[in-house]
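Take a look at the letters that make up each chain.
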Amino acid sequence: PALNYRLVAKAAGQDTIFIGPTGCMYVANASYLCTPYSCSWIHAQITNGGAVASGIEAAFKVLARKGKHKGPFPNVIVMAGDGGTVDIGLQAMSGMMYRNHKVLFICYDNESYANTGVQTSPTTPYGAATTFTPPGKEIPEGKVLFPKDVPQLVIGGHPAVKYVATTTVAHPLDLMNKVRKALSFPGPTFLHMLAPCPKGWLFDEKLSREMARLAVETGMWSQFEWENGTYKYTNVPKKYKPVNEYMKHQGRFAHLKPEHIAKMQAFVDERIKTVKERVPVAAPIPTPKQRA
Ligand SMILES: Cc1ncc(C[n+]2csc(CCOP(=O)(O)OP(=O)(O)O)c2C)c(N)n1
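Participant: Got a minute to help me understand the site of the ligand in this structure?
Facilitator: Taken together, 17 residues are adjacent to the ligand, and Cys-24, Gly-83, Gly-84, Tyr-108 and Asn-115 come closest. The separation between an oxygen atom of the ligand and a polar main-chain atom of Gly-83 is 2.9 Å. A distance of 3.0 Å separates an oxygen atom of the ligand from a polar atom in the backbone of Ser-112. Calculation on the ligand without its partners gives an accessible area of 590 Å², and the protein chains cover 76% of this total. The greatest single-element share of the shell around the ligand, amounting to three residues, is contributed by helix H4 (residues 82-87). Among the residues making up the shell around the ligand, the classes are represented as six nonpolar, 10 polar and one charged.

Listed below in C-alpha coordinates is the structure:
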(Lines give C-alpha, C1' and ligand atoms only; values in the text may rest on other atoms or scores of the structure.)
Protein backbone atom coordinates (compact mmCIF):
# COMPACT_ATOMS: atom_id res chain seq x y z
CA PRO A 1 0.00 0.00 0.00
CA ALA A 2 2.86 2.45 0.71
CA LEU A 3 4.13 2.10 -2.84
CA ASN A 4 0.58 2.65 -4.15
CA TYR A 5 0.47 5.91 -2.20
CA ARG A 6 3.85 7.03 -3.45
CA LEU A 7 2.87 6.48 -7.08
CA VAL A 8 -0.53 8.13 -6.67
CA ALA A 9 1.03 11.19 -5.05
CA LYS A 10 3.71 11.37 -7.73
CA ALA A 11 1.09 11.30 -10.47
CA ALA A 12 -1.30 13.73 -8.77
CA GLY A 13 1.27 16.42 -7.92
CA GLN A 14 1.35 19.18 -5.33
CA ASP A 15 -2.07 20.69 -5.84
CA THR A 16 -3.79 17.77 -4.16
CA ILE A 17 -5.77 17.19 -1.00
CA PHE A 18 -5.65 13.63 0.32
CA ILE A 19 -8.36 12.24 2.56
CA GLY A 20 -7.11 9.35 4.68
CA PRO A 21 -9.84 7.21 6.24
CA THR A 22 -8.61 5.12 9.17
CA GLY A 23 -6.54 2.13 8.07
CA CYS A 24 -2.84 1.39 7.56
CA MET A 25 -2.37 4.23 5.14
CA TYR A 26 -3.48 6.55 7.92
CA VAL A 27 -2.04 4.90 11.02
CA ALA A 28 1.21 3.50 9.64
CA ASN A 29 2.00 6.67 7.69
CA ALA A 30 1.06 9.12 10.44
CA SER A 31 2.56 7.46 13.50
CA TYR A 32 3.42 9.43 15.52
CA LEU A 33 2.43 13.09 15.17
CA CYS A 34 3.92 13.47 11.71
CA THR A 35 2.99 12.57 8.15
CA PRO A 36 4.98 11.93 4.96
CA TYR A 37 2.81 14.03 2.63
CA SER A 38 4.14 17.11 0.86
CA CYS A 39 0.61 18.26 0.01
CA SER A 40 -2.54 18.68 2.11
CA TRP A 41 -3.94 15.70 3.93
CA ILE A 42 -6.79 15.20 6.39
CA HIS A 43 -7.83 12.25 8.50
CA ALA A 44 -11.35 10.86 8.02
CA GLN A 45 -13.23 8.14 9.84
CA ILE A 46 -13.15 4.75 8.16
CA THR A 47 -16.91 5.18 7.75
CA ASN A 48 -16.95 8.57 6.04
CA GLY A 49 -14.08 9.12 3.57
CA GLY A 50 -16.56 9.86 0.77
CA ALA A 51 -18.51 12.35 2.88
CA VAL A 52 -15.40 14.24 4.06
CA ALA A 53 -14.23 14.46 0.45
CA SER A 54 -17.68 15.73 -0.60
CA GLY A 55 -17.45 18.51 1.98
CA ILE A 56 -13.99 19.58 0.86
CA GLU A 57 -15.00 19.60 -2.79
CA ALA A 58 -18.19 21.56 -2.06
CA ALA A 59 -16.24 24.07 0.05
CA PHE A 60 -13.80 24.72 -2.79
CA LYS A 61 -16.69 25.18 -5.22
CA VAL A 62 -18.22 27.83 -2.96
CA LEU A 63 -14.87 29.55 -2.34
CA ALA A 64 -14.21 29.63 -6.08
CA ARG A 65 -17.69 31.02 -6.77
CA LYS A 66 -17.17 33.77 -4.19
CA GLY A 67 -13.77 34.60 -5.66
CA LYS A 68 -11.97 33.49 -2.48
CA HIS A 69 -10.18 30.59 -4.11
CA LYS A 70 -8.25 31.62 -7.16
CA GLY A 71 -6.30 29.28 -9.32
CA PRO A 72 -7.02 25.74 -10.38
CA PHE A 73 -9.43 23.45 -8.56
CA PRO A 74 -7.34 21.12 -6.39
CA ASN A 75 -7.33 17.35 -6.85
CA VAL A 76 -9.43 15.77 -4.12
CA ILE A 77 -8.39 12.14 -3.57
CA VAL A 78 -9.62 9.62 -1.02
CA MET A 79 -7.10 6.88 -0.23
CA ALA A 80 -9.22 4.23 1.41
CA GLY A 81 -8.52 0.64 2.34
CA ASP A 82 -10.83 -2.10 1.17
CA GLY A 83 -12.74 -1.92 4.45
CA GLY A 84 -13.06 1.84 4.09
CA THR A 85 -14.31 1.40 0.53
CA VAL A 86 -16.64 -1.54 0.06
CA ASP A 87 -17.57 -2.44 3.62
CA ILE A 88 -17.80 0.13 6.40
CA GLY A 89 -17.10 3.07 4.05
CA LEU A 90 -19.37 2.03 1.18
CA GLN A 91 -22.34 4.18 2.15
CA ALA A 92 -20.39 7.45 2.23
CA MET A 93 -18.53 6.61 -0.97
CA SER A 94 -21.77 5.81 -2.77
CA GLY A 95 -23.39 9.04 -1.58
CA MET A 96 -20.43 11.08 -2.83
CA MET A 97 -20.63 9.43 -6.23
CA TYR A 98 -24.40 9.79 -6.45
CA ARG A 99 -24.16 13.53 -5.75
CA ASN A 100 -21.59 13.96 -8.52
CA HIS A 101 -18.69 15.41 -6.55
CA LYS A 102 -15.44 15.86 -8.42
CA VAL A 103 -13.48 13.41 -6.27
CA LEU A 104 -11.16 10.54 -7.14
CA PHE A 105 -11.89 7.68 -4.76
CA ILE A 106 -9.06 5.14 -4.59
CA CYS A 107 -9.30 1.76 -2.95
CA TYR A 108 -5.85 0.40 -2.13
CA ASP A 109 -6.85 -3.21 -1.75
CA ASN A 110 -4.72 -5.29 0.59
CA GLU A 111 -7.58 -7.76 0.89
CA SER A 112 -8.12 -7.53 4.63
CA TYR A 113 -8.73 -5.17 7.52
CA ALA A 114 -4.98 -5.01 7.89
CA ASN A 115 -4.26 -2.30 10.41
CA THR A 116 -6.26 -4.03 13.13
CA GLY A 117 -4.29 -7.26 12.71
CA VAL A 118 -5.57 -8.81 9.49
CA GLN A 119 -9.27 -9.60 9.73
CA THR A 120 -11.47 -10.67 6.84
CA SER A 121 -13.06 -7.97 4.66
CA PRO A 122 -15.36 -8.29 1.64
CA THR A 123 -12.34 -8.36 -0.69
CA THR A 124 -10.50 -11.09 1.20
CA PRO A 125 -10.33 -14.05 -1.19
CA TYR A 126 -12.10 -17.33 -0.61
CA GLY A 127 -9.93 -19.65 1.44
CA ALA A 128 -7.72 -17.00 3.01
CA ALA A 129 -6.75 -17.39 6.65
CA THR A 130 -7.28 -14.22 8.71
CA THR A 131 -7.70 -13.78 12.44
CA PHE A 132 -11.49 -13.78 11.89
CA THR A 133 -11.41 -16.74 9.48
CA PRO A 134 -8.92 -19.19 11.00
CA PRO A 135 -8.90 -22.59 9.33
CA GLY A 136 -10.01 -25.34 11.69
CA LYS A 137 -11.83 -28.64 11.92
CA GLU A 138 -15.27 -27.13 11.31
CA ILE A 139 -14.24 -24.78 8.51
CA PRO A 140 -11.08 -26.19 6.92
CA GLU A 141 -10.82 -23.51 4.23
CA GLY A 142 -10.84 -20.61 6.68
CA LYS A 143 -12.90 -18.15 4.69
CA VAL A 144 -15.90 -19.61 2.87
CA LEU A 145 -17.22 -16.49 1.16
CA PHE A 146 -16.08 -15.26 -2.24
CA PRO A 147 -15.28 -11.54 -2.53
CA LYS A 148 -17.45 -8.60 -3.52
CA ASP A 149 -16.88 -7.35 -7.06
CA VAL A 150 -15.54 -3.90 -6.22
CA PRO A 151 -15.51 -2.11 -9.61
CA GLN A 152 -18.96 -3.51 -10.47
CA LEU A 153 -20.36 -2.09 -7.25
CA VAL A 154 -19.31 1.37 -8.42
CA ILE A 155 -20.20 0.92 -12.08
CA GLY A 156 -23.57 -0.65 -11.41
CA GLY A 157 -25.11 2.03 -9.27
CA HIS A 158 -23.68 5.48 -9.98
CA PRO A 159 -24.78 7.28 -13.15
CA ALA A 160 -22.42 10.21 -12.47
CA VAL A 161 -19.32 8.00 -12.51
CA LYS A 162 -17.85 7.91 -16.01
CA TYR A 163 -14.45 6.39 -15.27
CA VAL A 164 -13.48 3.31 -13.26
CA ALA A 165 -10.18 1.47 -13.62
CA THR A 166 -8.15 -1.24 -11.94
CA THR A 167 -4.38 -1.41 -11.59
CA THR A 168 -1.61 -2.77 -9.36
CA VAL A 169 1.74 -1.73 -7.88
CA ALA A 170 3.44 -4.01 -10.36
CA HIS A 171 2.32 -1.72 -13.19
CA PRO A 172 3.54 1.70 -12.03
CA LEU A 173 3.15 3.61 -15.31
CA ASP A 174 -0.28 2.12 -15.85
CA LEU A 175 -1.15 3.14 -12.28
CA MET A 176 0.07 6.72 -12.67
CA ASN A 177 -1.58 7.16 -16.06
CA LYS A 178 -4.88 5.99 -14.63
CA VAL A 179 -4.58 8.45 -11.74
CA ARG A 180 -3.96 11.33 -14.16
CA LYS A 181 -6.79 10.23 -16.40
CA ALA A 182 -9.22 9.84 -13.50
CA LEU A 183 -8.34 13.33 -12.27
CA SER A 184 -9.11 14.78 -15.69
CA PHE A 185 -12.81 13.89 -15.43
CA PRO A 186 -15.24 16.56 -14.22
CA GLY A 187 -17.05 14.23 -11.80
CA PRO A 188 -16.45 11.29 -9.48
CA THR A 189 -14.02 8.56 -10.56
CA PHE A 190 -12.81 5.36 -8.98
CA LEU A 191 -9.59 3.34 -9.03
CA HIS A 192 -9.24 -0.14 -7.60
CA MET A 193 -5.59 -0.94 -6.87
CA LEU A 194 -4.20 -4.28 -5.83
CA ALA A 195 -1.81 -3.71 -2.93
CA PRO A 196 -0.14 -6.98 -1.89
CA CYS A 197 0.45 -7.04 1.87
CA PRO A 198 3.43 -9.20 2.95
CA LYS A 199 2.32 -9.24 6.57
CA GLY A 200 -1.33 -10.05 5.93
CA TRP A 201 -0.82 -12.53 3.10
CA LEU A 202 2.34 -14.01 4.62
CA PHE A 203 4.89 -13.82 1.85
CA ASP A 204 8.44 -12.52 1.58
CA GLU A 205 8.22 -8.74 1.18
CA LYS A 206 10.72 -8.82 -1.69
CA LEU A 207 7.93 -10.46 -3.68
CA SER A 208 5.37 -7.66 -3.35
CA ARG A 209 5.38 -6.63 -6.97
CA GLU A 210 5.81 -10.23 -8.10
CA MET A 211 2.58 -11.10 -6.24
CA ALA A 212 0.70 -8.35 -8.10
CA ARG A 213 2.14 -9.54 -11.42
CA LEU A 214 1.16 -13.14 -10.69
CA ALA A 215 -2.33 -12.02 -9.69
CA VAL A 216 -2.79 -10.68 -13.22
CA GLU A 217 -1.08 -13.65 -14.88
CA THR A 218 -3.36 -16.13 -13.09
CA GLY A 219 -6.58 -14.15 -13.54
CA MET A 220 -6.97 -13.52 -9.81
CA TRP A 221 -6.93 -9.81 -10.79
CA SER A 222 -7.74 -8.16 -14.09
CA GLN A 223 -6.55 -4.84 -15.45
CA PHE A 224 -9.12 -2.69 -17.15
CA GLU A 225 -10.55 0.73 -17.75
CA TRP A 226 -14.27 1.33 -17.91
CA GLU A 227 -15.09 4.57 -19.58
CA ASN A 228 -18.64 5.69 -20.28
CA GLY A 229 -19.93 2.15 -20.49
CA THR A 230 -17.06 0.63 -22.45
CA TYR A 231 -14.55 -1.84 -21.04
CA LYS A 232 -10.97 -1.88 -22.23
CA TYR A 233 -8.80 -4.66 -20.83
CA THR A 234 -5.00 -4.49 -20.78
CA ASN A 235 -2.41 -7.10 -19.84
CA VAL A 236 -4.78 -9.96 -20.68
CA PRO A 237 -2.55 -13.07 -20.65
CA LYS A 238 -2.65 -15.21 -23.79
CA LYS A 239 -2.69 -18.21 -21.50
CA TYR A 240 -3.55 -17.86 -17.83
CA LYS A 241 -1.33 -19.58 -15.27
CA PRO A 242 -3.06 -21.87 -12.74
CA VAL A 243 -4.17 -19.95 -9.62
CA ASN A 244 -1.90 -22.07 -7.45
CA GLU A 245 1.14 -20.41 -9.08
CA TYR A 246 -0.03 -17.33 -7.16
CA MET A 247 -1.50 -18.95 -4.04
CA LYS A 248 1.45 -21.22 -3.25
CA HIS A 249 3.66 -18.24 -2.31
CA GLN A 250 1.26 -16.99 0.35
CA GLY A 251 0.94 -18.38 3.87
CA ARG A 252 -2.68 -17.26 4.07
CA PHE A 253 -3.54 -20.08 1.63
CA ALA A 254 -1.11 -22.69 3.02
CA HIS A 255 -3.85 -24.72 4.78
CA LEU A 256 -5.91 -25.25 1.62
CA LYS A 257 -6.48 -28.71 0.18
CA PRO A 258 -6.49 -29.47 -3.56
CA GLU A 259 -10.31 -29.36 -3.62
CA HIS A 260 -10.28 -25.82 -2.22
CA ILE A 261 -7.75 -24.69 -4.80
CA ALA A 262 -9.95 -26.28 -7.48
CA LYS A 263 -12.86 -24.23 -6.16
CA MET A 264 -10.80 -21.07 -6.45
CA GLN A 265 -9.76 -22.07 -9.98
CA ALA A 266 -13.40 -22.57 -10.97
CA PHE A 267 -14.30 -19.14 -9.59
CA VAL A 268 -11.45 -17.49 -11.48
CA ASP A 269 -12.28 -19.42 -14.68
CA GLU A 270 -15.82 -18.01 -14.55
CA ARG A 271 -14.49 -14.48 -14.10
CA ILE A 272 -12.00 -14.91 -16.94
CA LYS A 273 -14.92 -15.81 -19.19
CA THR A 274 -16.52 -12.46 -18.50
CA VAL A 275 -13.18 -10.76 -19.17
CA LYS A 276 -13.05 -12.36 -22.58
CA GLU A 277 -16.63 -11.37 -23.28
CA ARG A 278 -15.95 -7.81 -22.23
CA VAL A 279 -12.80 -7.25 -24.28
CA PRO A 280 -14.40 -6.48 -27.63
CA VAL A 281 -17.62 -5.00 -26.26
CA ALA A 282 -18.27 -1.46 -27.38
CA ALA A 283 -21.91 -1.11 -26.33
CA PRO A 284 -22.56 0.77 -23.09
CA ILE A 285 -23.84 -1.29 -20.21
CA PRO A 286 -27.20 -0.07 -18.91
CA THR A 287 -27.03 2.40 -16.03
CA PRO A 288 -29.97 3.71 -14.04
CA LYS A 289 -31.53 6.95 -15.31
CA GLN A 290 -30.47 10.12 -13.50
CA ARG A 291 -33.19 11.29 -11.15
CA ALA A 292 -34.63 14.75 -11.55
C1 LIG B 1 -16.01 3.07 13.19
C2 LIG B 1 -14.73 2.30 13.35
N3 LIG B 1 -14.78 0.97 13.46
C4 LIG B 1 -13.64 0.26 13.60
C5 LIG B 1 -12.43 0.90 13.65
C6 LIG B 1 -11.18 0.11 13.88
N7 LIG B 1 -10.32 0.10 12.73
C8 LIG B 1 -9.23 0.90 12.61
S9 LIG B 1 -8.32 0.59 11.23
C10 LIG B 1 -9.36 -0.63 10.76
C11 LIG B 1 -9.04 -1.47 9.55
C12 LIG B 1 -9.17 -0.74 8.26
O13 LIG B 1 -9.17 -1.66 7.22
P14 LIG B 1 -9.07 -1.17 5.72
O15 LIG B 1 -10.03 -0.08 5.46
O16 LIG B 1 -9.16 -2.37 4.84
O17 LIG B 1 -7.61 -0.55 5.65
P18 LIG B 1 -6.20 -1.27 5.96
O19 LIG B 1 -5.97 -1.22 7.44
O20 LIG B 1 -6.28 -2.65 5.41
O21 LIG B 1 -5.21 -0.42 5.23
C22 LIG B 1 -10.41 -0.78 11.67
C23 LIG B 1 -11.48 -1.79 11.60
C24 LIG B 1 -12.42 2.31 13.53
N25 LIG B 1 -11.29 3.00 13.53
N26 LIG B 1 -13.59 2.99 13.38
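Participant: For this particular structure, what's the right way to read a nonpolar patch on the surface?
Facilitator: A grouping of Ile-139, Val-144 and Leu-145 is seen on the molecular surface, where their side chains present a nonpolar patch of about 270 Å² in accessible area. Tracing the backbone through its elements, the reader meets Ile-139 in the loop between strand S4 (104-109) and helix H6 (150-157).

Participant: What's the story with the nonpolar core in this structure? I'm lost.
Facilitator: Nonpolar side chains tend to gather and get buried jointly when the protein is soluble and globular. Judged by nonpolar contacts, the single largest core of 52 residues is most densely connected at Met-97, Phe-105, Phe-190, Tyr-246 and Met-247. Excluding anything up to four places from it in sequence, Met-97 contacts Phe-105, Val-154, His-158, Ala-160, Val-161, Pro-188, Thr-189 and Phe-190. Within the second largest apolar cluster, 27 residues are counted, among which are Ala-12, Tyr-37, Ile-77 and Ala-195.

Participant: I keep staring at the sheet that holds strand S3 (residues 75-81) and nothing clicks. Help me out?
Facilitator: The pairing of strands in a sheet happens through backbone hydrogen bonds and is either parallel or antiparallel. A sheet is described by the order of its strands in space; here eight strands give the open sequence S2-S1-S3-S4-S6-S5-S7-S8, paired in mixed fashion. On the outer flanks of this sheet lie strand S2 (40-44) and strand S8 (230-234), each paired with one strand and no other. Across the sheet, the mean angle separating the axes of adjacent strands is 20° when strand polarity is ignored. Across the face of the sheet, helix H1 (residues 2-12) comes into contact with strand S1 (16-21), S2, S3, S4 and strand S6 (189-194) while running at roughly 170° to S3.

Conventions used here
Per chain, the residues get numbers from 1 upward, laid out in the order the sequence is written. Two thresholds apply to this predicted model, a pLDDT of at least 70 for residue-level local features and 80 or more for giving and counting side-chain atom pairs, whereas whole-chain, interface and lining totals are computed over all residues. Excluding hydrogens and water, the side-chain values take into account all heavy atoms of the structure. Near is defined per residue: the residue qualifies when any heavy atom it owns lies within 4 Å of the molecule or strand. Two N or O atoms form a polar contact when they lie within 3.5 Å of each other; inside protein one atom must be a possible hydrogen donor and the other a possible acceptor, and for residues adjacent in sequence the pair counts only when both atoms belong to side chains. Using the Shrake-Rupley algorithm and a 1.4 Å probe, accessible areas are obtained, with residue cover drawn only from the displayed protein chains. Think of it this way: any DSSP run of H or I at least four residues long counts as a helix, any run of E at least two long counts as a strand, and we number them from the N terminus. As a working rule, the residues Ala, Val, Leu, Ile, Met, Phe, Trp, Tyr, Cys and Pro are called nonpolar, Asp, Glu, Lys and Arg charged, and the rest polar, with Gly in that last group. In this analysis, a patch consists of residues with relative accessible area above 30% that form no salt bridge, clustered at 9 Å for like charges and at 5 Å for the nonpolar side chains Val, Leu, Ile, Met, Phe, Trp and Tyr. Salt bridges are counted wherever a side-chain nitrogen of Lys or Arg sits within 4 Å of a carboxyl oxygen of Asp or Glu. Grouping buried Ala, Val, Leu, Ile, Met, Phe, Trp, Tyr and Cys residues that are joined through side-chain atoms within 4.5 Å yields what is termed a nonpolar core. Only protein chains enter the accessibility calculation, which uses a 1.4 Å probe; a residue is then buried when its area is under 20% of its type maximum, exposed when over 50%, and partly exposed in between. Contacts between residues were defined by any pair of non-hydrogen atoms, one from each residue, lying within 4.5 Å. Two strands qualify as a pair provided that DSSP identifies no fewer than 2 bridges between them. Note on geometry: axes are lines fitted to C-alpha atoms, helical ones only across the stretch in contact, with angles between N-to-C directions running from 0 to 180 degrees.

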